[in-house]
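Examining the three-dimensional arrangement
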Amino acid sequence: MRVLGIETSCDETGIAVYDTTAGLLSHSLYSQIKLHADYGGVVPELASRDHVRKIVPLIRETIAEAGLVSSDIDGIAYTRGPGLVGALLVGASVGKSLAYAWNIPSIGIHHMEGHLLAPMLEDDRPEFPFVALLVSGGHTLLVDVQGIGQYTVLGESIDDAAGEAFDKTAKLMGLDYPGGPLLAKLADHGEPGHYQFPRPMTDRPGLDFSFSGLKTFAANTIRASDNQDQTRANIAFAFQEAVVDTLVIKSKRALKQTGRKRLVVAGGVSANHYLRTQLSEVMRSLRGQVYYPSLAFCTDNGAMIAYAGAQRLNAGQKSDYDCRAKPRWPLEELPAL
Ligand code: KG4
Ligand code: ZN
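A short tour of the structure in this document, coming up. (Residues numbered from 1 in each chain as written. Chains lettered and ligands numbered in written order. Predicted model: local features only at pLDDT ≥ 70, side-chain atom pairs only at ≥ 80, totals over all residues. Heavy atoms only, no water.)

1. With respect to the coordination of the zinc ion (ligand 2)
The protein atoms that coordinate the zinc ion (ligand 2) are H111 (NE2), H115 (NE2) and D300 (OD), at distances of 2.0 to 2.1 Å. Counting residues between consecutive donors of the zinc ion (ligand 2) along the chain gives the motif H-x3-H-x184-D. Remark: H115 and H111 occur in helix α4 (residues 111-117); sequence separation between them is 4 residues, near one turn of the helix. Here the two residues H111 and H115 agree in accessibility, since each one is buried. (Donors = N, O, S within 2.8 Å, 3.2 Å for Na, K, Ca; no water. Helix = DSSP H or I, 4+ residues; strand = E, 2+ residues; numbered from the N terminus. Buried < 20%, exposed > 50% of the residue type's maximum accessible area, 1.4 Å probe, protein only.)

This is the structure we're talking about:
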């Protein structure tokens, strides 16, 4: 079965074709970063309009790149939520319209399920069950995954997501949007031991996160500093170390609580090099395995939506044409496969 995947939940138009036998056939991404950079964050109305401009040419291009024509597509998966409602509506409307025109089934996919299953696009893929640490710009979640659609949320952020904390702190440091990767780059030049940031909510039981205090701590630290290049790098290092340490502590706790030996890390922040090295080290010491998507599939992309959709459509699930975009959508509401 060949499935066209459409991702438009935020500021990236992601399109892909996934074949349940041959794997990923093609994928393309149009990022709106330049469009939003002047505003220091995503402007929802501009995002929706740009998706409208880019989506159809990108679909044409991606199907052609797979060496296919439209009649070769057997199903369509689009991101139904969570995300920006206007942006979601573009992908959902185009996905449903094409499915109607081509007389094939379509399905609305949960964006975080897409992230969670992204490591399945790799050769070395995790077996179920596993614990997933999902760290994106909008969500931070620890999930016990028994199978596709069998999700128990173990903990989540009660305020800012990990990626959001990176972006907001980067903005405070005068870095461009989205600042997460730039802050990580700055941290590469930092030296350990100069600043000690708190590890929020690690001193009490539970698996929830809170990252908004780190941003305030960073703001105060920057204000009290000499703002020299090396100092800025040291502050970036200490901030990243605190976020990563907190994620590592909670992931270990989740593995202990569930007795799982496999950890999947996905979402934009899973591209973070320091997070990867720290988690790999921990998993080695626990004699467990850690799985990541390749860098291209850590941040938003169409391939993860095509993959998730292919699994569900292949099992006979589909959505009706009146399926509505869901800007808020608890992961635990999803049906099992
Ligand atoms: O998953 P994603 O593309 O979009 C959402 O679903 O939110 O995640 C984007 C987030 C942004 O906050 C971005 O700054 C962050 O992931 N990010 C990073 C890195 N690469 C992307 N944060 C820290 N280090 C990175 N290398
Ligand atoms: Zn995402």
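Following the structure, the description resumes.
2. Here we look at the environment of A325
Positionally, A325 belongs in the segment after α10 (302-314). Looking at A325, the relative accessible area reads 17%, which means it is buried. Excluding residues within four positions of it along the chain, A325 makes contact with R80, L88 and L89. (Contact = heavy atoms within 4.5 Å.)

3. Regarding the packing of helix α5 (residues 162-172) against helix α8 (residues 229-258)
Running from amino to carboxyl end, α5 crosses α8 at an angle of 170 degrees, the nearest separation of the two axes being 11 Å. Judged by the angle between their axes, α5 and α8 are roughly antiparallel. Contact residues: α5 offers A162, A165, F166 and T169, while α8 offers F239, Q240 and V243. (Axes fitted to C-alpha atoms, helices over the stretch in contact; angles between N-to-C directions. Parallel < 35°, antiparallel > 145°, perpendicular 65-115°, else oblique.)

4. So, the site of ligand 1
Not every one of the 18 residues close to ligand 1 is listed here, only the nearest: H115, G137, D167, N272 and D300. Within the side chain of D167, an N or O atom sits 2.5 Å from an oxygen atom of ligand 1. In the environment of ligand 1, a nitrogen atom lies 2.9 Å from a nitrogen or oxygen atom belonging to the side chain of N272. If you list the elements that add at least two residues to the shell around ligand 1, you get α4, α5 and α6 (180-188). A per-class count over the shell around ligand 1 returns 5 nonpolar, 11 polar and 2 charged. (Near = heavy atom within 4 Å. Polar contact = N/O pair within 3.5 Å; in protein donor to acceptor, adjacent residues only side chain to side chain. Nonpolar A, V, L, I, M, F, W, Y, C, P; charged D, E, K, R; others polar.)

5. Concerning the packing of aromatic side chains
With the rule as written, the count across this model stands at 8 aromatic pairs. Aromatic pair F128 and F130: ring centres 5.4 Å apart, planes at 20 degrees, arrangement stacked. Of the residues examined, F130 reaches a relative accessible area of 0% and is grouped as buried. A centroid spacing of 6.4 Å and a plane angle of 80 degrees characterise the contact between F197 and F239, whose relative ring orientation is edge-to-face. Separated by 42 residues along the polypeptide, F197 in the loop between α6 and α7 (212-223) and F239 in helix α8 bring together distant segments of the chain. Cluster of aromatic residues (ring-pair linked, three or more members): F166, F197, F217 and F239. (Phe/Tyr/Trp six-rings, centres within 6.5 Å; stacked < 30°, edge-to-face > 60°.)

6. Considering unusual backbone geometry
The omega torsion of the bond from G81 to P82 falls at -15 degrees, within 30 degrees of zero and hence cis. Relative to the helices and strands, P82 resides in the loop between β4 (75-81) and α3 (85-102). Although it is not a glycine, N103 sits at a positive phi angle of roughly 55 degrees. Residue placement: N103 occurs in the loop between α3 and β5 (106-110). Positive phi values are uncommon outside glycine, yet R287 reaches one of about 55 degrees. Assignment of secondary structure puts R287 in the loop between α9 (273-285) and β10 (289-291). Take R287: its relative accessible area is 72%, and that puts it in the exposed class.

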